[in-house]
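# Chains, contacts and geometry: an overview
Take a look at the letters that make up each chain.
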Amino acid sequence: MRIPSVHELKERLSTLFPDYPFSLFTEPARRVCEYLREKKVRGDLTEIKKEDLDKLLIHYFKDYISPNLRRVINGTGVIVHTNLGRAPLSKDLITYLTEIALYYSNLEFDLKEGKRGSRYSHVEELLLELTGAEAGLVVNNNAGAVLISLNTLAKGREVIVSRGELVEIGGSFRIPEVMEWAGCYLKEVGTTNKTHLYDYERAINENTALLLKVHKSNYAIVGFTKEIPVEELVTLGKRYHIPVMEDLGSGSLIDFSKYGLPKEPTVQESIKKGVDIVTFSGDKLLGGPQAGIILGKKELVEKIRKNPLNRAIRIDKLTLASLEATLRLYRDEKKAIEHIPVLRMILENPETTKKRAKKLLILLSKISPNLKVTLVKTIAKTGGGALPLLDIPSYGVALRWKGLSAKELQRLLRNQSPPIIGIIEEDHFIIDARCLFENDLKEIKESLTRLSHELETST
Ligand SMILES: *Cc1c(COP(=O)(O)O)cnc(C)c1O
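Residues numbered from 1 in each chain as written. Predicted model: local features only at pLDDT ≥ 70, side-chain atom pairs only at ≥ 80, totals over all residues. Heavy atoms only, no water.

## Observations regarding the packing of helix α4 (residues 94–102) against helix α13 (residues 317–329)
Relative orientation of the contacting elements α4 and α13 amounts to 155°, with a least axis distance of 10 Å. As the angle between them shows, α4 and α13 are arranged roughly antiparallel. Like other packed secondary-structure pairs, α4 and α13 cross with a definite hand, here right-handed. Here α4 contributes Tyr96, Leu97, Ile100 and Ala101 to the contact with α13, which in turn contributes Lys317, Leu318, Ala321, Ser322, Glu324 and Ala325. Each residue belonging to the contact of α4 with α13 can be placed in one class, and the counts come to 7 nonpolar, 1 polar and 2 charged. (Axes fitted to C-alpha atoms, helices over the stretch in contact; angles between N-to-C directions. Helix = DSSP H or I, 4+ residues; strand = E, 2+ residues; numbered from the N terminus. Parallel < 35°, antiparallel > 145°, perpendicular 65-115°, else oblique. Left-handed = near helix turned anticlockwise from the far one by under 90°. Contact = heavy atoms within 4.5 Å. Nonpolar A, V, L, I, M, F, W, Y, C, P; charged D, E, K, R; others polar.)

So this is what it looks like as structure tokens:
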């Protein structure tokens, strides 16, 4: 068959979408043309019906005009999923965030004094109130927080770290390399599995600037092990007048062990134990926006604030607004757990997850005789480099489509709008219910209904 020209396709698009300028059709028309040509070369194209061509044009045009970065449905059961945007923000923030985004704000203006103010002032007090720290600063992310802290406190000098804590987290953040970029010399002590206090003490010399403790975010060393608790490092540091820094990674403000989960050190505990500088992320266990939070002794935080690097990694106003609003929720722990999605998902009773999975099961059960759905027990994960060994009992729905492999079904669901991301187990596509929002259920049903129409009319 003859493939329509780009111009002909543009003409057709302009009839289908009369409200758009003609120039906007060039790219999608070109893509459809290319798609048809490739199909023809493969021998897959004999004839194309007018309505199928329209469908194709509509699909390509919509894809072309919609944003690339968009909402997806997280059916993986991994709560702080780095690839899926880490922490979803609390719904409570919407009105406030919209206002800050659409209008002017007092970002760097002191309303009391009527003069220039500091962007950090909006969250600093709140952070001090929640954690008991003397001073605080926020930057773009925790990698930035670690970098600027090391650079300020130890440039050209040595930083002592245990060999068991030389972490690499996703996206190429590795302690030895960050150290290098910060201009410090890494002084590794101890062994992979055991580091003693005397290992740190023996390494101290006149060029030692900092004792660093790094939270083993995404791994655990088990068996014959020893690591030095941060309070012992603080005592050692005091004796030699060397500050102690702790990179908490995730950094929780809530003690999860109160709710029956394994102990994860809290920010408040580190401050209370006398750590001089503590850094952590805004979008891991805290459940806020991407940000790096630096807390600790006033004198040191002030030094870090004045580092010229601070300008390069500074936090923007929308992040600041989301961080402030998230932190405000922490004034009431119960409210925080209810309103911050990450906390709610981690602490949700498995029976509640089961109810959600059942609800989804019912919604999906009558879509097509070709779709088989079953309720399954699953294991959810915290993700985001926190509580790596914790298996969270969860539930999900396993899908099988007659005539499709789990991989094919996975691909089709990934191409829905919104895309549905799940996992494959034993040739079933599984949607874990733990990270689903209430309106995700309806969206999943609609996607599968659409898909069933497509699959059943094409065969
Ligand atoms: C996640 C993490 C970081 C980096 O934090 P980002 O906010 O992703 O930049 C640094 N250190 C540790 C130990 C971490 O777990």
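Here the narrative resumes, following the displayed structure.
## A short note on the site of the ligand
Around the ligand sit 13 residues in total, of which Ala143, Ser217, Asp247, Ser281 and Lys284 are the nearest. In this structure, arginine 86 approaches the ligand through a side-chain N or O atom, which is 2.9 Å from an oxygen atom. At a separation of 2.6 Å, a nitrogen atom of the ligand approaches a polar side-chain atom of aspartate 247. In the complex, the protein chains occlude 95% of the 380 Å² of accessible area that the ligand would expose alone. Elements supplying a minimum of two residues to the shell around the ligand: α6 (142–154) and β11 (244–249). When the residues that make up the shell around the ligand are grouped by side-chain class, the tally is 4 nonpolar, 6 polar and 3 charged. (Near = heavy atom within 4 Å. Polar contact = N/O pair within 3.5 Å; in protein donor to acceptor, adjacent residues only side chain to side chain. Areas by Shrake-Rupley, 256 points an atom, 1.4 Å probe, with all protein chains shown as cover.)

## Observations regarding the packing of aromatic side chains
The final tally for this structure, using the stated rule, is 6 aromatic pairs. An angle of 80° between the planes, with centres 5.1 Å apart, marks the rings of tyrosine 20 and phenylalanine 61 as edge-to-face. Placement of the pair is tyrosine 20 in the loop between α1 (6–16) and α2 (26–42) and phenylalanine 61 in helix α3 (residues 50–65), with a sequence separation of 41 residues. Taking the relative accessible area as the measure of exposure, tyrosine 20 reaches 35% and is therefore partly exposed. Feature note: the residues Phe17, Tyr20, Phe22, Phe25 and Phe61 constitute an aromatic cluster, connected by ring pairs. (Phe/Tyr/Trp six-rings, centres within 6.5 Å; stacked < 30°, edge-to-face > 60°. Buried < 20%, exposed > 50% of the residue type's maximum accessible area, 1.4 Å probe, protein only.)

## Re the nonpolar core
Counting residues in hydrophobic clusters, the biggest one holds 88 residues, and the most contacted among them are Val138, Leu150, Val159, Leu323, Leu327 and Tyr330. When residues in this core are grouped by element, the largest group, 6 residues, is from α6. Shared between two domains, this core takes at least three residues from each, and those domains are domain 2 (73–84 + 346–458) and domain 3 (91–339). Filtering out sequence-adjacent residues up to four positions away, valine 159 remains in contact with Leu150, Ala154, Met179, Cys184, Tyr185, Leu186, Lys187, Leu210 and Leu212. Listed in part, the 25 residues of the second largest apolar core include Val397, Phe429, Ile431 and Ile444. (Core = buried A, V, L, I, M, F, W, Y, C linked by side-chain atoms within 4.5 Å. Domains from an automatic or database assignment.)

## Looking at the packing of α6 against helix α11 (residues 298–306)
To characterise two packed helices, one gives the angle between the axes of the helices and the distance between these axes. It is the contact of α6 with α11, at a shortest axis distance of 9 Å, that shows an interaxial angle of 105°. The angle between the axes of α6 and α11 places the two elements in the roughly perpendicular class. Across from Ile148, Ser149, Thr152 and Leu153 in α6, the residues of α11 making contact are Leu300, Lys303 and Ile304.

## A closer look at the pattern of salt bridges
This structure, assessed with the given rule, holds 32 salt bridges. The salt bridge involving glutamate 8 is made with arginine 2; its shortest N-O contact spans 3.0 Å. Among the residues examined, glutamate 8 registers a relative accessible area of 36% and is labelled partly exposed. The partner of arginine 163 in a salt bridge is glutamate 188, and the shortest N-O contact between them spans 2.8 Å. Residue arginine 163 is located in the loop between β6 (158–162) and β7 (168–169), and its partner glutamate 188 is located in strand β9 (residues 185–189); the two are separated by 25 residues in the primary sequence. Taking the relative accessible area as the measure of exposure, arginine 163 reaches 38% and is therefore partly exposed. Since its relative accessible area comes to 34%, glutamate 188 is described here as partly exposed. Connected via shared salt-bridge partners are Glu27, Arg30, Arg31 and Glu34. (Salt bridge = Lys/Arg side-chain N within 4 Å of Asp/Glu carboxyl O.)

## Structural notes on the sheet that holds strand β2 (residues 78–80)
What holds strands together in a sheet is hydrogen bonding between their backbones, with the strands either parallel or antiparallel. Spatially, the 5 strands line up as an open sheet ordered β2-β14-β15-β18-β17, and their pairing is mixed. Lying at the two open borders of the sheet, with one neighbouring strand each, are β2 and β17 (423–425). The sheet shows a mean angle of 40° between the axes of neighbouring strands, direction not considered. Across 10 bridges, the pairing between strand β14 (residues 371–383) and strand β15 (residues 392–401) is antiparallel. The residue bridging leucine 375 from the neighbouring strand is valine 397, located in β15. Set on the sheet, helix α16 (residues 350–365) makes contact with β14, β15 and β18 (428–432); between it and β15 the angle comes to about 10°. (Pairing = 2+ DSSP bridges.)

## A closer look at the side chain of threonine 195
Structurally, threonine 195 can be placed in the loop between β9 and α8 (197–203). By relative accessible area, threonine 195 is classed as buried at 2%. Only 2.8 Å separates the side chain of threonine 195 from the side chain of serine 162, close enough to count as a polar contact. With sequence-adjacent residues up to four places away left out, threonine 195 is seen in contact with Ser162, Arg163, Val189, Gly190, Tyr200, Lys226, Glu227 and Ile228.

## Section: the sheet that holds strand β5 (residues 135–139)
The strand order across the open sheet built from 7 strands is β5-β13-β12-β11-β10-β6-β9, with neighbouring strands paired in mixed fashion. A strand with exactly one partner marks an edge of an open sheet, and here the two such strands are β5 and β9. Ignoring strand direction, the axes of neighbouring strands in this sheet form an average angle of 20°. Of the pairings in the sheet, the one linking strand β10 (residues 208–214) to β11 comprises 4 bridges and is parallel in character. Each residue of the ladder has a partner; that of valine 214, found in β11, is aspartate 247. Against the sheet, helix α5 (residues 121–131) engages β5 and β13 (292–296), with an angle of about 125° to β5. Strand contacts of α11: β5, β12 (277–281) and β13, with the helix running at about 30° to β5, the strand carrying the most contacts.

## Structural notes on the environment of valine 376
If you trace the backbone, valine 376 turns up in strand β14. A C-alpha to C-alpha distance of 49 Å links valine 376 and proline 4, two positions 372 residues apart in sequence. When near neighbours in sequence (up to four residues on either side) are disregarded, valine 376 contacts Ser394, Tyr395, Gly396, Val397, Ala398 and Ile430.

Such coordinate-based values are descriptive only and should not be taken to indicate function.
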